[in-house]
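Examination of the molecular architecture
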Amino acid sequence: EAVSASGLALYPATVCDAVYYFDKVGGRFVDLCQYFEVIQKDKMTELRNIAYSLGAKECRLEAYEEEKSLRANKGKSSVKAKAGPVSSVLEGSVSASAEAGYSEGRSRRSSVVFAQKFEGSDNPVKPELHWYKNDRELISLIEMRCSGRNPMKEYSVKLDSMASSSMSISRAAKIDIAVKKIGAVSNFSFEGEAQSELRKRLVFEIVF
């Protein structure tokens, strides 16, 4: 009841018993349960604004996430299990994998995050950057487009997950500890959310 008179901006809504974290870019307190979703939407809006400001006709963002997997090479192996301490069992498992010739492989899932079309313009305007102000590839794109020296038609850039991360893993881990200390219950790990964000690879494509 006192929130409206406190001057605090709680986003997306004021909820009793909810936990909020301050977002310096947006100048607001964001519900922890929705923090990463809210920040991701803000980032997508910023990318679309970058494309629009630079006079793009189309822009597209794709997300890739690598998945680790184990596959067995050709060959046979047999290991007899023996009763014994845990260390013996573990050693047997490792040697079995080595003899069978197991190798680690990677598969990649991709999805289109968004695709946007504009009228396009030959008078680019330097956009204001917040989340991507440290991404060198994007900064280079903006400088080339605004200089007019490079009449590019298409541009594809791999966004730097580290440079534009919503939060560091160490900070996320501290938040998990703080949430437990105040007795709040959550069905997710904030640190896990941060790690998941860093594993994703984003490719931003622009057509002028």
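This text follows the structure it describes.
Residues numbered from 1 in each chain as written. Predicted model: local features only at pLDDT ≥ 70, side-chain atom pairs only at ≥ 80, totals over all residues. Heavy atoms only, no water.

**Observations regarding the overall build of the protein**
Assigned secondary structure in the protein consists of 6 helices and 7 strands. Element order for the protein, N to C, with α for helix and β for strand: α-β-β-β-α-β-α-β-α-β-α-α-β. For the protein, the proportion of its 208 residues judged to be buried stands at 29%. Summarising the internal contacts of the protein: among those between residues at least 6 apart in sequence, 72% fall at separations of at least 24. (Helix = DSSP H or I, 4+ residues; strand = E, 2+ residues; numbered from the N terminus. Buried < 20%, exposed > 50% of the residue type's maximum accessible area, 1.4 Å probe, protein only. Contact = heavy atoms within 4.5 Å.)

**Some thoughts on the pattern of salt bridges**
Taken as a whole and assessed by the stated rule, the structure comprises 4 salt bridges. For the salt bridge of Arg-28 with Asp-42, the shortest nitrogen-to-oxygen distance reads 2.3 Å. Remark: Asp-42 occurs in helix α2 (residues 35-53) and Arg-28 occurs in strand β3 (residues 28-31); sequence separation between them is 14 residues. Classification of Arg-28 as buried rests on a relative accessible area of 13%. A salt bridge links Arg-60 to Glu-62; its shortest N-O distance comes to 2.8 Å. Relative accessible area serves as the criterion here: at 32%, Arg-60 is assigned to the partly exposed category. For Glu-62, a relative accessible area of 14% gives the class buried. Linked through salt bridges whose partners overlap, the residues forming this network are Asp-23, Arg-28 and Asp-42. (Salt bridge = Lys/Arg side-chain N within 4 Å of Asp/Glu carboxyl O.)

**Topic: the packing of aromatic side chains**
Considering all chains together, one arrives at 8 aromatic pairs under this definition. Here Phe-114 and Phe-204 contribute two aromatic rings whose centre-to-centre distance is 6.5 Å and whose plane-to-plane angle is 65°, an arrangement assigned as edge-to-face. Taken together, the positions of Phe-114 in strand β5 (residues 102-117) and Phe-204 in strand β7 (residues 200-207) put the pair 90 residues apart, joining distant regions of the chain. The pair formed by Phe-114 and Phe-204 is uniform in burial state, with each residue classed as buried. Ring plane angle 50° and centroid distance 6.3 Å describe the contact between Phe-188 and Phe-190, whose orientation is recorded as tilted. Among the residues examined, Phe-188 registers a relative accessible area of 23% and is labelled partly exposed. On the basis of relative accessible area, Phe-190 is assigned to the buried category, the value being 2%. (Phe/Tyr/Trp six-rings, centres within 6.5 Å; stacked < 30°, edge-to-face > 60°.)

**Overview of the pairing of strand β6 (residues 154-159)**
Burial along β6 is one-sided: Tyr-155, Val-157 and Leu-159 are buried, while Glu-154, Ser-156 and Lys-158, pointing the other way, are not. Looking at chain direction, β6 and β7 are connected through 6 bridges and run antiparallel. Across the sheet, Ser-156 pairs through a bridge with Glu-205, a residue of β7. (Pairing = 2+ DSSP bridges.)

**A closer look at the sheet that holds strand β1 (residues 10-11)**
Spatially, β1-β3-β2 is the arrangement adopted by the 3 strands of the open sheet, whose pairing is mixed. Every other strand in the sheet has two partners, leaving β1 and β2 (20-23) as the edge strands with one partner each. Sheet topology note: the β2/β3 ladder contains 4 bridges and is antiparallel. From the neighbouring strand, Asp-23 faces β3, where its bridge partner is Arg-28. Lying over the sheet, α2 contacts β1, β2 and β3, oriented at roughly 125° with respect to β3. (Axes fitted to C-alpha atoms, helices over the stretch in contact; angles between N-to-C directions.)

**Describing the packing of α2 against helix α6 (residues 190-199)**
Contact geometry of α2 with α6 gives a least axis separation of 11 Å together with a crossing angle of 30°. Between α2 and α6, the angle falls in the class roughly parallel. Together, Tyr-35, Phe-36, Gln-40 and Lys-43 of α2 and Phe-190, Glu-193, Ala-194 and Glu-197 of α6 make up the contact between the two elements. Looking at the contact of α2 with α6, its residues break down into 4 nonpolar, 1 polar and 3 charged. (Parallel < 35°, antiparallel > 145°, perpendicular 65-115°, else oblique. Nonpolar A, V, L, I, M, F, W, Y, C, P; charged D, E, K, R; others polar.)

**A look at the packing of helix α5 (residues 169-181) against α6**
Two quantities define a packed helix pair, namely the angle between the axes and the distance from one axis to the other. α6 packs onto α5 with a crossing angle of 160° between their chain directions and a minimal axis gap of 7 Å. Our classification of the angle between α5 and α6 gives roughly antiparallel. Classified by chirality, the crossing of α6 by α5 is right-handed. Packed against α5, whose contacting residues are Ile-169, Ala-172, Ala-173, Ile-175 and Asp-176, the element α6 presents Phe-190, Glu-191, Ala-194, Gln-195 and Leu-198 at the interface. In terms of residue class, the contact of α5 with α6 is made up of 7 nonpolar, 1 polar and 2 charged. (Left-handed = near helix turned anticlockwise from the far one by under 90°.)

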